[in-house]
Amino acid sequence: MTESGFDIAGLEAGHRPVSEFRYEKRPVVRGYNDRTLYVNVGNGRIAEKPVSADMRAKFTGGKGYGLRLLWDAVNPSTKWDDPENEINIAMGPVCGNTNYPGSGKSLVVSISPTTGIPIDCNVGGYFGPFLKFAGFDALEVQGKADRDVIVFIDGDDGVVSIFEAPGEAVDSHVLAEQMVAMFSRDEKDRQHISSVSAGTGAEHALIGCLNFSFYDKRRKVARLKQAGRGGIGTVFRDKKIKALVVRYSGLDVSSNNPADLAGLQETGLKLHREIVTLDDQQCRMREIGTAHLTEIMDEYDLLPTRNYKFGSSPDSPGLDSHAFSAMVTHGLPDGCWYGCTMACAKAADGFELATGPYRGHKVTVDGPEYETVAGCGSNIGVYDPRVVMELNFYCDTYGLDTISFGTSTAFVMECWEKGVLDSTRTGGLEMTWGNGPAVLELLHRIGRGEGFGLVAGLGVRGMKKYFAEHYGADPKLLQDIGCECKGLEYSQYVSKESLAQQGGYSMALKGPQHDEAWLIFMDMVNNRIPTFEDKAEALYYFPMFRTWFGLQGLCKLPWNDIEPADNASTDEPAKVPEHVENYLAIYKAITGNDLDRDGLIRQSARVYNFQKVFCIRMGKGRRIDDWPPYRMMGPVTVEEYESRADRYDKQLKEQVGIDPSGMGTPGKVAALRAYREDRYEKLLDAVYKRKGWTREGVPTVETLHDLGIDYPEVLEVVKPLLE
């Protein structure tokens, strides 16, 4: 037994080598390695691949590289569990610098189990930066192993190996510690080890996530950040991968070998000062991270409550940020990569678990983010922060996405309320609103692959089909209240009163995640984009701008969760112009290349439109796929309408031109629905036109030619749809 408490020698005795690959170590040059690493866990092949000049010019890095490699690996009939599907982890030229806050992100792409199209996730932790400094701009993982394997990339010695690993744990909080103990040479070396893992839940559900670790030397624990959306953890365990591990110990301020280190440091120092001076007055990110949003969402009727029926609750103060602030440890530098003054990766230490296989254990729980507070709290009627924390912990270690789990559970609870489900169908679980013990037990059943846990693990789209086929439920009702689009569960905002946010969610290429367009405050609260044309421009600009973070390896949060003191007086405060100039400056400081605002958007537009065509190639991505369930557009039920009757009656009178007096509530619901669905159609028309797409949502040949991505294989996909 080692000091860590693990029998590392015993675990290593069970290893069986599969293959090994040695490569030439060489430094990063101005943010790039110009080579990628290919690993096939099915046949043991390991190789390095050069990055072509065209790939670097057109796809930039990060998500762009991941998508290009994935396109070349699959064909239109590839399913998520086919061996040719890949998990690609890619960084970008800015990724890994320690001078500008939020520069440690890597991007993960794969064909999703829940949508069947490319999914992408932006994730912190040390794995991506260490992989980059180990010598590679991206990692492609393909094939399916017969037995559980670990892939180890030793960036210090220039060796990549695959070996069978039967004895290691599967749940991430244990496995990450085992990897640190197994591969570190001494105590100091523990912070040089990072791993990627999933968990037992990801083996039994389609909503699996990946955990990227970073060793917190002050807490002396391996912490986890999640690549959550779309089920990539499920793909990971289907390939029988227990862990991807990297070691790199040579990090310093110039590891990215920037063209202008002094310029990079000067720009970074400016933002560091701004965060230290202004964060306490603005978003309190350094105190409690994104959970500060919870009470703001509740105040503006945006907090998902009971499966998105409502936007606030009298019980919500139980989940406000102060409740979680009292649970996390303060005074520690909580960044998920070096040099991030924002330090929003909060953690509760010594949290004693009350249920499940680790009951009684005291653990470190990361977060929670506001999405987890809403999804595993208000949206299922749970207002006990300890239950939310325990759900957060088990979702992470089981390798399950807290957003999809929360939205799926909310759907289960409404189906229970409407009589679609009862205890005979749930294996005795009373899935009533707010029943925290039942929700925890449902989560453990997913982890064990048992009973109704297997049904819930299908996600919302899978459950809609299952409930209709097995229980005779009304498919139209399930479509209205089942909050998914393209197969991905909605993230955590009530979008009924913001047409732009409805579009931002439902037109998102991978499905309804707000990292493309988060317009709800700009549209609904501040009324800055009142016309269809204004909304269309916002739904063009912001998805393109936000895509750029994923090309570079950047976190979005330092862009607008802290703003310059005079930002409100600028011409376009929503864009935070001074911070856009910062990004142009750090890009030039690292790569040596000039970039202006138009060039930034153009870099993104190439990858964005390529991903759009990729979705169409895989069978989705057209107009019909951009339609939300009506629950995300307006009131489905009489109960919902009457909860905001004054607001809706006023809209009928002033916007629709219908006098609601004398009408029954079902008639009002129908009239409002017809009006809102018509507005959404008009929004689709306006946005598609602005993006250079047809009315069916297909990029035109002219758009693809203008962006320089009119490759024959791309045109082959769109041309039949343009005739």
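Just so it is clear, the model here is predicted, and its values are computed rather than measured. (Residues numbered from 1 in each chain as written. Predicted model: local features only at pLDDT ≥ 70, side-chain atom pairs only at ≥ 80, totals over all residues. Heavy atoms only, no water.)

Novice: Explain the overall build of the protein chain here, please?
Specialist: From N to C terminus, the protein chain includes 29 helices and 17 strands. Here the C-alpha atoms of the protein chain give a radius of gyration of 24 Å, agreeing with the 27 Å that 2.2 N^0.38 yields for 723 residues. For the protein chain, the C-alpha atoms occupy an extent of roughly 80 × 55 × 55 Å along the three principal directions. Going through the 723 residues of the protein chain one by one, you find that 66% of them count as buried. Long-range contacts, defined as pairs at least 24 residues apart, comprise 71% of the intrachain contacts of the protein chain with a sequence gap of at least 6. When the accessible surface of the protein chain is totalled, it reaches about 24500 Å², and 49% of it is carbon and sulfur. (Helix = DSSP H or I, 4+ residues; strand = E, 2+ residues; numbered from the N terminus. Rg over C-alpha atoms; globule rule 2.2 N^0.38 Å. Buried < 20%, exposed > 50% of the residue type's maximum accessible area, 1.4 Å probe, protein only. Contact = heavy atoms within 4.5 Å. Areas by Shrake-Rupley, 256 points an atom, 1.4 Å probe, with all protein chains shown as cover.)

Novice: Teacher, can you tell me more about the packing of helix H23 (residues 577-591) against helix H24 (residues 597-617) here?
Specialist: Packed helices, taken two at a time, are described by their axes: the angle between them and the distance between them. Contact geometry for H23 and H24: axes closest at 10 Å, N-to-C directions at 75°. As far as their axial angle goes, H24 and H23 are roughly perpendicular. Note on element contacts: H24 touches H23 through Arg 597, Leu 600 and Gln 603, opposite Pro 577, Val 580, Glu 581, Leu 584 and Tyr 587. Considered class by class, the residues forming the contact of H23 with H24 number five nonpolar, one polar and two charged. (Axes fitted to C-alpha atoms, helices over the stretch in contact; angles between N-to-C directions. Parallel < 35°, antiparallel > 145°, perpendicular 65-115°, else oblique. Nonpolar A, V, L, I, M, F, W, Y, C, P; charged D, E, K, R; others polar.)

Novice: Help me understand unusual backbone geometry in this model?
Specialist: Leaving glycine out, the prevailing phi sign among residues is negative, and the prevailing peptide bond configuration is trans. Note that the residue after Gly 367, namely Pro 368, is joined by a cis bond; omega there is 10°. Among the secondary structure elements, Pro 368 is positioned in the loop between strand S15 (362-366) and helix H12 (370-375). Phi is positive for Asn 527, close to 50°, though the residue is something other than glycine. For Asn 527, the location among the structural elements is in the loop between helix H20 (520-525) and helix H21 (532-552). For Asn 527, a relative accessible area of 51% corresponds to the exposed category.

Novice: Even after reading the chapter, I still don't get the sheet that holds strand S3 (residues 46-50), so can you show me in this structure?
Specialist: Strand pairing in a sheet relies on backbone hydrogen bonds. The paired strands run either parallel or antiparallel. Taking strand neighbours across the sheet as the criterion, the six strands line up as S3-S2-S7-S4-S5-S6 in an open arrangement whose pairing is mixed. The two strands at the open ends of the sheet, each matched to only one other strand, are S3 and strand S6 (118-123). Going from strand to strand, the sheet's axes swing by 20° on average, the running direction of each strand aside. Bridge count for strand S4 (residues 87-90) against strand S7 (residues 138-142) is four bridges, and the pairing is antiparallel. (Pairing = 2+ DSSP bridges.)

Novice: Hey, could you run me through the nonpolar core in this one?
Specialist: The nonpolar side chains of a soluble globular protein tend to be buried, and buried together. One finds Leu 391, Phe 405, Met 431, Phe 467, Phe 545, Tyr 583 and Phe 614 to be the most contacted residues of the largest nonpolar core, which totals 166 residues. At eleven residues, the largest contribution of residues to this core is made by H21. When neighbours within four sequence positions are excluded, Met 431 is seen to be in contact with Thr 409, Val 412, Met 413, Trp 416, Thr 426, Ala 438, Val 439 and Leu 442. Core analysis: the second largest hydrophobic core is formed by 49 residues, Phe 21, Cys 95, Ala 145 and Ile 162 among them. (Core = buried A, V, L, I, M, F, W, Y, C linked by side-chain atoms within 4.5 Å.)

Novice: Please clarify how helix H5 (residues 172-183) should be interpreted in this entry.
Specialist: An α-helix turns once per 3.6 residues; consequently, residues spaced three or four apart project the same way. Spanning twelve residues, H5 covers 16 Å between terminal C-alpha atoms, matching the ideal 16 Å at 1.5 Å per step. For H5, the buried fraction is high: twelve of the twelve residues fall into the buried class. Inspection of H5 places Ser 172, His 173, Val 174, Leu 175, Ala 176, Glu 177, Gln 178, Met 179, Val 180, Ala 181, Met 182 and Phe 183 among the buried residues, and these make up the whole buried set. (Expected span 1.5 Å × (residues − 1).)

Novice: Please explain the pattern of salt bridges as it appears in this structure.
Specialist: Close approach of charged atoms allows side chains with opposite charge to pair. For the structure on display, the rule yields 68 salt bridges. In this structure, the salt-bridge partner of Asp 366 is Arg 223, at a minimum N-O distance of 2.6 Å. Taken together, the residues Asp 366 in strand S15 and Arg 223 in strand S12 (residues 221-227) connect sequence positions 143 residues apart. As far as burial versus exposure is concerned, Asp 366 and Arg 223 are alike and both buried. The partner of Asp 523 in a salt bridge is Lys 535, and the shortest N-O contact between them spans 2.7 Å. Residue Asp 523 is found in helix H20, and its partner Lys 535 is found in helix H21; the two are separated by twelve residues along the sequence. Across the pair, exposure class does not vary: Asp 523 and Lys 535 are buried alike. Salt bridges sharing common partners tie together Asp 216, Arg 219, Arg 223, Lys 225, Asp 334, Lys 346, Asp 349, Asp 366 and Glu 369. (Salt bridge = Lys/Arg side-chain N within 4 Å of Asp/Glu carboxyl O.)

Novice: Sorry, what's going on with the packing of aromatic side chains here?
Specialist: By convention here, two paired aromatic rings are described through the distance between centres and the angle between planes. Counted according to the given criterion, the structure contains 44 aromatic pairs. Between the aromatic rings of Tyr 608 and Trp 693, the centroid separation amounts to 6.2 Å while the plane-to-plane angle is 10°, which identifies the pairing as stacked. A residue pair is termed long-range when its members are at least 10 positions apart, and Tyr 608 in helix H24 and Trp 693 in the loop between helix H27 (665-691) and helix H28 (701-707) qualify at 85 residues. An identical accessibility class is assigned to Tyr 608 and Trp 693; each is buried. Members of the aromatic cluster, connected to one another through ring pairs, are Tyr 100, Tyr 541, Phe 542, Phe 545, Trp 548, Phe 549, Trp 559, Tyr 583 and Tyr 587. Directly above the aromatic system of Tyr 541 lies the positively charged group of Lys 575, at a separation of 3.9 Å from the ring centroid. Over the face of the ring belonging to Tyr 630 we find Arg 673, whose NZ or CZ atom lies 4.3 Å from the ring centre. (Phe/Tyr/Trp six-rings, centres within 6.5 Å; stacked < 30°, edge-to-face > 60°. Lys NZ or Arg CZ within 6 Å of the ring centre and 35° of its normal.)

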